[in-house]
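Topology and contacts: notes
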Amino acid sequence: MWNQLTTALGLSAWFADEVIVDKDLYTFKWNKETQEAQVIDMKPETSVRYRWADEEDEHAYFEFIIHTIELTGSTALEITDFAEPGEKKDSIALWDSQVDDLKRTLGI
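Residues numbered from 1 in each chain as written. Predicted model: local features only at pLDDT ≥ 70, side-chain atom pairs only at ≥ 80, totals over all residues. Heavy atoms only, no water.

Despite not being glycine, Lys-23 has its phi angle at roughly 60°, a positive value. Tracing the chain through its elements places Lys-23 in the loop between strand E1 (18–22) and strand E2 (25–30). By relative accessible area, Lys-23 is classed as exposed at 76%. The phi torsion at Asn-31 lies on the positive side, around 45°, for a residue other than glycine. When you line up the elements, Asn-31 lands in the loop between E2 and strand E3 (33–43). (Helix = DSSP H or I, 4+ residues; strand = E, 2+ residues; numbered from the N terminus. Buried < 20%, exposed > 50% of the residue type's maximum accessible area, 1.4 Å probe, protein only.)

Here we come to the side chain of Gln-4. With respect to the helices and strands, Gln-4 occurs in helix H1 (residues 2–6). By relative accessible area, which is 16% here, Gln-4 ends up buried. Residues contacting Gln-4, with those up to four places away along its chain left out, are Gly-10, Leu-11, Ala-13, Trp-14, Leu-102, Thr-105 and Leu-106. (Contact = heavy atoms within 4.5 Å.)

Along any regular strand, the residues point their side chains to alternate faces of the sheet. Across four bridges, the pairing between strand E4 (residues 47–52) and strand E5 (residues 62–69) is antiparallel. Directly across from Arg-49, in E5, lies its bridge partner Glu-63. Inspection of the sheet shows E5 paired to strand E6 (residues 74–81) by eight bridges, in the antiparallel sense. Looking across to E6, one finds that Glu-63 is bridged to Thr-80. Linking E5 back to E6 in an antiparallel pair, the connection comprises four residues, with Gly-73 at a positive phi of about 80°. (Pairing = 2+ DSSP bridges.)

Per the counting criterion, the structure on display carries three salt bridges. Put simply, Arg-49 and Glu-63 hold a salt bridge, and the shortest N to O gap is 3.1 Å. Remark: Glu-63 occurs in strand E5 and Arg-49 occurs in strand E4; sequence separation between them is 14 residues. We note a salt bridge from Arg-104 to Asp-101, for which the minimum N-O separation is 2.3 Å. (Salt bridge = Lys/Arg side-chain N within 4 Å of Asp/Glu carboxyl O.)

Structure below.
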């Protein structure tokens, strides 16, 4: 799962149409839209936190955390994202759709 969250090939399989990685700067492309994000924190194989380059709120980010449940050996993905109050419902729906795509790429 880690590669799906941090590599150009992995992210382009479920998150964006195309992803270009240059060190800690990620360029995401969807149709005609392009957005850049910078990795602001990473704990290899566990979590990665990105901040959109055009984000005005310096405390806003989106983050993926991989949890391994010791009792069952299963894996869970926690996603944190910041959204305006009026956009929360749409943001949740978008992430649900993206996670469905991620599950398909992982074969689950």
